[in-house]
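# Tertiary structure, described
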Amino acid sequence: MKTLEQRRAKFAYDAVLEVKNDKSEIQKKYSSYVKSAPVLILSNGLPQTLAFYLSKMKMKDDVEYTLVKSELENYRNGKPNKFENKFERIAYAYLYYHISKWLAEESNNGVGLTSGKDPLKYLISEADVARVMQLTREAIELLNWMKRFADAMLEKEV
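Just so it is clear, the model here is predicted, and its values are computed rather than measured.

Along the chain, Thr136 turns up in helix H7 (residues 129-153). Judged by its relative accessible area of 16%, Thr136 falls in the buried class. From its side chain, Thr136 meets the backbone oxygen of Val132 in a polar contact 2.7 Å long. When neighbours within four sequence positions are excluded, Thr136 is seen to be in contact with Ile41 and Leu46.

Take a look at the structure:
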């Protein structure tokens, strides 16, 4: 059985590897966004940070992380997508999706702290203060790993 820290590290590695296989411009933006994410979360809160990432994707829909995943798949397969193939939007989508997937599906022994529910919607409609704090801590712990791997594996902005 793996520790939570090992599962976080593996998830973060796989997430960054997914971006590593994308265009250089997206790697640079993602790396930058991952580095600034913990500060954004600590200064604005996790719900506000996720909402900010959502606004940067400009999808103009009632968005759940699973829809972001579908749009990323469309992008990777060369199909029309709501990101209009703009690097900034795609990098934000990766980050939003990675944080959300961890919190919804992986963070609690494969169940997720939100039990599969979209984390942003869960945070603004169901979570009490203690749960918001728990999700916030968990997101920051994951991002610490993602920052390390992004720094080691991805191209950086000059």
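Let us look at the environment of Lys23. Among the secondary structure elements, Lys23 is positioned in the loop between helix H1 (4-20) and helix H2 (24-44). A relative accessible area of 41% means that Lys23 is categorised as partly exposed. Taking the C-alpha atoms as reference points, Lys23 and Asp118, separated by 95 residues in sequence, lie 27 Å from one another. If sequence neighbours within four positions are ignored, Lys23 has contacts with Tyr75 and Phe87.

This part takes up H7. If you check H7, its first and last C-alpha atoms are 36 Å apart, about what 25 residues at 1.5 Å a residue would give, namely 36 Å. Taken together, the buried residues of H7 touch H1, H2, helix H3 (46-57), helix H5 (87-106) and helix H6 (119-125).

With that out of the way, let us pick up the pattern of salt bridges. All told, the structure shown has 9 salt bridges when counted by the stated rule. Residues Glu84 and Lys86 are paired through a salt bridge, measuring 3.7 Å at the closest nitrogen-oxygen approach. Judged by relative accessible area, which is 40%, Lys86 ranks as partly exposed. Ionic pairing is found between Arg89 and Glu84, a salt bridge with its closest N-O pair at 3.1 Å. On the basis of relative accessibility, which here comes to 12%, the residue Arg89 falls in the buried class.

Relative orientation and spacing of two packed helices are given, respectively, by the angle between their axes and the distance between those axes. As a packed pair, H2 and H5 sit with axes 8 Å apart at the nearest point and diverge in direction by 50°. Of the possible angle classes, the one that applies to H2 and H5 is oblique. In the crossing of H2 with H5, the sense of the turn from one axis to the other is right-handed. Contacts from Glu25, Ile26, Lys29, Tyr30, Tyr33, Val34 and Ala37 of H2 reach H5 at Phe87, Glu88, Ile90, Ala91, Tyr92, Tyr94, Leu95 and His98. Here the contact of H2 with H5 is composed, by residue class, of 11 nonpolar, 1 polar and 3 charged.

What counts as what
- Residues numbered from 1 in each chain as written.
- Predicted model: local features only at pLDDT ≥ 70, side-chain atom pairs only at ≥ 80, totals over all residues.
- Heavy atoms only, no water.
- Helix = DSSP H or I, 4+ residues; strand = E, 2+ residues; numbered from the N terminus.
- Buried < 20%, exposed > 50% of the residue type's maximum accessible area, 1.4 Å probe, protein only.
- Polar contact = N/O pair within 3.5 Å; in protein donor to acceptor, adjacent residues only side chain to side chain.
- Contact = heavy atoms within 4.5 Å.
- Expected span 1.5 Å × (residues − 1).
- Salt bridge = Lys/Arg side-chain N within 4 Å of Asp/Glu carboxyl O.
- Axes fitted to C-alpha atoms, helices over the stretch in contact; angles between N-to-C directions.
- Parallel < 35°, antiparallel > 145°, perpendicular 65-115°, else oblique.
- Left-handed = near helix turned anticlockwise from the far one by under 90°.
- Nonpolar A, V, L, I, M, F, W, Y, C, P; charged D, E, K, R; others polar.

None of the figures reported here should be taken as evidence of function without further support.
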